[in-house]
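# Structure assessment
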Amino acid sequence: MPMVYGYHRTSTAEQHLDRGIASIESFCREHGLKLERIFTDQQTGKNFDRPRYKVMKEDVLRGGDTLIISELDRLGRNKNETLKELRYYKDQHIRVMILEIPTTLTDYSAYGNEMAAMIMETINDMLIQMYAVMAQAEVEKKEKRQREGIAAKKQRGDWEDYGRLRAVEMELFLQEYRKVEKGEIRPVDCMRNLGITKSTYYRYREAIHISGE
């Protein structure tokens, strides 16, 4: 029997999962869909090496099931990887509904007019491509702001306000921190690799996020 599942992701533990979960639950109630469960991760959207996502994809979802996501960037922020995942689900006959993209909420296979269904599917694919581009562009813009903010603070000598590390070492911190954002290493691994304390790690992380705002 086909099942309905949800998936939601936030980049950090500081961000709340509640809003996305609530929107998925509300949609299912309004449309009479029995929601089996919602899988959640608090990890970067740059790749798909996420524990709960992998369990959902590899061990739970089956052909005929439906996967509901509140926004496309909650699935992923890397355009090519995200589109690859969506193609996988299509090939496996798993329907993906993205609440922010209305065209994904219609089952075009039920259309009586084959040409109309083909046109709508084409429009749907174009919209998904556009949203995927926007999601990746937002990540790239954030990283650019962070680099510019860090460069400006280094030039002013303000980095010393955030801990014992000196400006020349901030490049090394940023390099390691990028691995944390990508899910390649854990924060504790970053601290160990750099030989810094937990408080220093979070001061520098805060500084990077402030610079990127």
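One can find the structure itself at the top, above this paragraph.
Attention here is on the structure that accompanies the text. Here the structure is a predicted model, which means the values were calculated and not measured. (Residues numbered from 1 in each chain as written. Predicted model: local features only at pLDDT ≥ 70, side-chain atom pairs only at ≥ 80, totals over all residues. Heavy atoms only, no water.)

On to the overall build of the protein chain. When its secondary structure is counted, the protein chain shows 8 helices and 4 strands. When the elements of the protein chain are put in sequence order from the N terminus, they spell out β-α-β-α-β-α-α-β-α-α-α-α. Burial statistics for the protein chain: of 213 residues in total, 42% are counted as buried. Within the protein chain, residue pairs in contact and separated by at least 24 positions form 69% of the contacts whose partners lie at least 6 positions apart. Total accessible area on the protein chain is roughly 12,200 Å²; 51% of this is exposed by carbon and sulfur atoms. (Helix = DSSP H or I, 4+ residues; strand = E, 2+ residues; numbered from the N terminus. Buried < 20%, exposed > 50% of the residue type's maximum accessible area, 1.4 Å probe, protein only. Contact = heavy atoms within 4.5 Å. Areas by Shrake-Rupley, 256 points an atom, 1.4 Å probe, with all protein chains shown as cover.)

Following the criterion strictly, the structure yields 9 aromatic pairs and no others. Ring geometry for Tyr 7 and Tyr 53: centres 5.2 Å apart, planes at 75 degrees, overall edge-to-face. Here Tyr 7, found in strand E1 (residues 4–10), pairs with Tyr 53, found in helix H2 (residues 51–60); they are 46 residues apart in sequence, far enough to count as distant. Taking relative accessible area as the criterion, Tyr 7 reaches 0% and is therefore assigned buried. Judged by relative accessible area, which is 1%, Tyr 53 ranks as buried. On the basis of an interplanar angle of 5 degrees and a centroid distance of 6.0 Å, the ring pair of Phe 173 and Tyr 177 is categorised as stacked. Taken together, the residues span about one helical turn, with Phe 173 and Tyr 177 both in helix H6 (residues 167–181) at a distance of 4 residues. For the pair Phe 173 and Tyr 177, a shared accessibility class is recorded, and that class is buried. (Phe/Tyr/Trp six-rings, centres within 6.5 Å; stacked < 30°, edge-to-face > 60°.)

Reading across from one edge, E2-E1-E3-E4 is the order of the 4 strands in this open sheet, with parallel pairing throughout. Two strands in the sheet have a free side with no partner beyond their single neighbour: strand E2 (35–42) and strand E4 (95–98). Taking the axes of each pair of neighbouring strands and ignoring which way they run, one obtains an average angle of 25 degrees across the sheet. As defined by bridge partners, strand E3 (residues 66–69) adjoins E4 across 4 bridges and the pair is classed as parallel. What sits directly across from Ile 68, in E4, is Met 97. Its contacts with the sheet put H2 on E1, E2 and E3, and the angle it makes with E2 is roughly 140 degrees. (Pairing = 2+ DSSP bridges. Axes fitted to C-alpha atoms, helices over the stretch in contact; angles between N-to-C directions.)

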